[in-house]
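Coordinate analysis (summary)
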Amino acid sequence: MAHGDGRGQQGARIIGGEGFSITPERLYGELERVLTQLGVEIRIDPIDEELNSKGGLCTVNGKALLIVDRRLDVNEKNNLMIQSVRAFDIEGIYIRPYIREAIEGGSTPL
């Protein structure tokens, strides 16, 4: 965390259920953990601007792969990761309630 005050590099907090707050950087780590549990490989690479894409979920040789444009800010990365998690059945895995709320809430928290 960049500022030492728990707010992360952009000074923003995401408020979860029951007044719990989480920084975008912490949400990123939690979403990364969930995707890894789901067997998704995550690649953070620059995407050619001519492609006009932020990245996305795909299947390569039968394995799920999430490609994320390195130039995205943490909030955009989180939104892309939330959309990707929504493509899977997550009922059988433990996800912290405030993270599950962000995933299942129908809208992204950022």
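The structure we're discussing is the one just above.
What comes next concerns the included structure. (Residues numbered from 1 in each chain as written. Predicted model: local features only at pLDDT ≥ 70, side-chain atom pairs only at ≥ 80, totals over all residues. Heavy atoms only, no water.)

**Regarding the pattern of salt bridges**
Summed over the entire model, instances satisfying the criterion amount to 8 salt bridges. Measuring nitrogen to oxygen at the nearest pair gives 3.4 Å for the salt bridge that ties Glu30 to Arg33. One end of the pair, Glu30, and the other, Arg33, are both in helix H1 (residues 24-37), 3 residues apart, so they sit about a helical turn from each other. By relative accessible area, Arg33 is classed as partly exposed at 29%. Ionic pairing is found between Glu104 and Arg100, a salt bridge with its closest N-O pair at 3.2 Å. (Salt bridge = Lys/Arg side-chain N within 4 Å of Asp/Glu carboxyl O. Helix = DSSP H or I, 4+ residues; strand = E, 2+ residues; numbered from the N terminus. Buried < 20%, exposed > 50% of the residue type's maximum accessible area, 1.4 Å probe, protein only.)

**Description of the sheet that holds strand S4 (residues 55-60)**
The 3 strands are arranged S3-S5-S4 in an open sheet whose pairing can be described as mixed. The open sheet has two free edges, formed respectively by strand S3 (41-45) and S4, since each of these has just one partner strand. With direction set aside, neighbouring strand axes in the sheet form an average angle of 25°. Sheet topology note: the S3/strand S5 (residues 63-69) ladder contains 5 bridges and is parallel. Within S5, the residue paired with Ile44 across the bridge is Val68. Helix H2 (residues 74-85) rests against S3, S4 and S5 of the sheet, and its axis sits at about 160° to S5. (Pairing = 2+ DSSP bridges. Axes fitted to C-alpha atoms, helices over the stretch in contact; angles between N-to-C directions. Contact = heavy atoms within 4.5 Å.)

**Looking at the packing of H1 against helix H3 (residues 97-104)**
Two measures define how a pair of helices packs: the angle their axes make with one another and the distance between the axes. Relative orientation of the contacting elements H1 and H3 amounts to 85°, with a least axis distance of 11 Å. When the axes of H1 and H3 are compared, the pair comes out roughly perpendicular. Contact residues: Arg26, Leu27, Glu30 and Leu31 in H1; Tyr98, Ile99 and Ile103 in H3. Taken together, the residues that form the contact of H1 with H3 break down as 5 nonpolar, no polar and 2 charged. (Parallel < 35°, antiparallel > 145°, perpendicular 65-115°, else oblique. Nonpolar A, V, L, I, M, F, W, Y, C, P; charged D, E, K, R; others polar.)

**Considering the side chain of Glu30**
Of the residues examined, Glu30 reaches a relative accessible area of 7% and is grouped as buried. Only 2.6 Å separates the side chain of Glu30 from the side chain of Arg96, close enough to count as a polar contact. For Glu30, the residues in contact, after removing those within four places along its chain, are Ile22, Arg96, Tyr98 and Ile99. (Polar contact = N/O pair within 3.5 Å; in protein donor to acceptor, adjacent residues only side chain to side chain.)

**Details of H3**
Restricting attention to buried positions, one finds in H3 the residues Tyr98, Ile99, Arg100, Ala102 and Ile103. Where H3 is buried, its residues contact strand S2 (21-22), H1 and H2.

**Some points on the pairing of S4**
When S4 meets S5, the two strands line up antiparallel, connected through 6 bridges. Counted as the bridge partner of Gly56 is Ile67 from S5. Linking two consecutive strands that pair antiparallel, namely S4 and S5, is a turn of 2 residues; a positive phi of about 50° is found at Asn61 within it.

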